[in-house]
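Each chain, written out:
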Amino acid sequence: REEEKLELSKGAAFVKSRLKRLRQEDETWEADFQALPKPITQSQTHYLGMVVAPDGSFLADAHVEGRPTVNDMATLLANAMRRPLNGKAHRPRRLHVRGHPQWRELFPHLAELGIEVAVHRELPKAQQAYQGYLLVAPIILLLAGLIVYPFFNAIWLSLTDKTIGTDGDFVGLR
């Protein structure tokens, strides 16, 4: 994707007039996009965007195909403020991000919302949340496969006249 300009129209998620109305708490959030492991069959890198609260919990997350843009970060932050995954809607007093040049366009708009932005090389809470995500994801996929496949296979078998040792034919809902 080519370099995008920040969209601040009424149709965008990041609308300053709406975000300004949210109460501001004395918190420091970390926001980051990190590359997900790329399977061999995938040609484009996918990224996991996350906003992490001071206690390490996720406030918002997003999956992006290709390099994240300033609009992806703005949407992620707006979702964290307006519809956090836990707690009530609010704005932080401080935000820590990594120094990607595409985020700089967003900094003055965050300052208008009373949010101090600091650029850091390392974001320990975001890194820890990302590692936790990577550790849990394979187990969730395995469990989903162990539950979902037998469930749909049982439905399919119920629509056939299969008996042990035969192929069975589709009979539908007789």
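The following paragraphs examine the structure supplied in this document. (Residues numbered from 1 in each chain as written. Predicted model: local features only at pLDDT ≥ 70, side-chain atom pairs only at ≥ 80, totals over all residues. Heavy atoms only, no water.)

**So, the overall build of the chain**
Then, number 1: For the chain, the helix and strand inventory stands at four helices and five strands.
Then, number 2: Traced from its N-terminal end to its C-terminal end, the chain shows the element sequence α-β-β-β-α-β-α-β-α.
Then, number 3: Against the compact-globule benchmark of 16 Å for 174 residues, the chain has a radius of gyration of 22 Å, which places it well outside the compact range.
Then, number 4: By principal-axis analysis of the C-alpha atoms, the chain measures approximately 70 × 35 × 35 Å.
Then, number 5: In the chain, which comprises 174 residues, the proportion classed as buried is 35%.
Then, number 6: Intrachain contacts of the chain at a sequence separation of at least 6 include 59% that bridge at least 24 residues.
Then, number 7: Charge-centre separation for the chain: the mean point of 22 positive side chains lies 7 Å from the mean point of 20 negative side chains. (Helix = DSSP H or I, 4+ residues; strand = E, 2+ residues; numbered from the N terminus. Rg over C-alpha atoms; globule rule 2.2 N^0.38 Å. Buried < 20%, exposed > 50% of the residue type's maximum accessible area, 1.4 Å probe, protein only. Contact = heavy atoms within 4.5 Å. Lys, Arg positive; Asp, Glu negative; His and termini not counted. Charge placed at Lys NZ, Arg CZ, Asp CG, Glu CD.)

**Description of the environment of Lys88**
Then, number 1: Its place among the elements puts Lys88 in the loop between helix 2 (70-82) and strand 4 (91-97).
Then, number 2: Expressed as a C-alpha distance, the spacing of Lys88 and His46, which sit 42 residues apart in the sequence, is 29 Å.

**Details of a nonpolar patch on the surface**
Then, number 1: A grouping of Ile139, Leu142, Leu143, Leu146, Ile147, Val148, Phe151, Phe152 and Ile155 is seen on the molecular surface, where their side chains present a nonpolar patch of about 910 Å² in accessible area.
Then, number 2: Given the relative accessible area of 55%, Leu146 is considered exposed. (Patch = residues over 30% accessible without salt bridge, like charges linked within 9 Å, V, L, I, M, F, W, Y side chains within 5 Å. Areas by Shrake-Rupley, 256 points an atom, 1.4 Å probe, with all protein chains shown as cover. Salt bridge = Lys/Arg side-chain N within 4 Å of Asp/Glu carboxyl O.)

**Let's talk about the sheet that holds strand 2 (residues 46-52)**
Then, number 1: Taken in spatial order, the five strands line up as 3-2-1-4-5 in an open sheet, and their pairing is mixed. Each having just a single partner strand, strand 3 (58-65) and strand 5 (116-119) make up the two edges of the open sheet. With direction set aside, neighbouring strand axes in the sheet form an average angle of 20°.
Then, number 2: Sheet analysis places strand 1 (residues 24-35) next to strand 2, joined by six bridges and oriented antiparallel. Paired with Ala35 across the strands is Tyr47, a residue of strand 2.
Then, number 3: Against the sheet, helix 2 makes contact with strand 1, strand 2, strand 3 and strand 4, and its axis sits at roughly 140° relative to strand 1, the strand it touches most. (Pairing = 2+ DSSP bridges. Axes fitted to C-alpha atoms, helices over the stretch in contact; angles between N-to-C directions.)

**Points about the pairing of strand 1**
The two faces of a sheet get side chains in turn, since along a regular strand they alternate between them.
Then, number 1: Where strand 1 lies against strand 4, six bridges are found, and the strand directions are parallel. Bridge pairing in strand 4 places Trp29 opposite Leu95.

**Regarding the pattern of salt bridges**
Then, number 1: Enumeration according to the criterion identifies five salt bridges in this entry.
Then, number 2: In this structure, Arg23 engages Glu25 in a salt bridge whose closest nitrogen and oxygen atoms are separated by 1.9 Å.
Then, number 3: Residues Arg98 and Asp32 are paired through a salt bridge, measuring 2.8 Å at the closest nitrogen-oxygen approach. In this pair, Arg98 is assigned in the loop between strand 4 and helix 3 (107-112) and Asp32 in strand 1, connecting sequence segments 66 residues apart.
Then, number 4: Accessibility expressed as a relative area gives 25% for Arg98, which makes it partly exposed.
Then, number 5: One connected set of salt bridges, linked through shared partners, spans Asp26, Arg93 and Arg94.

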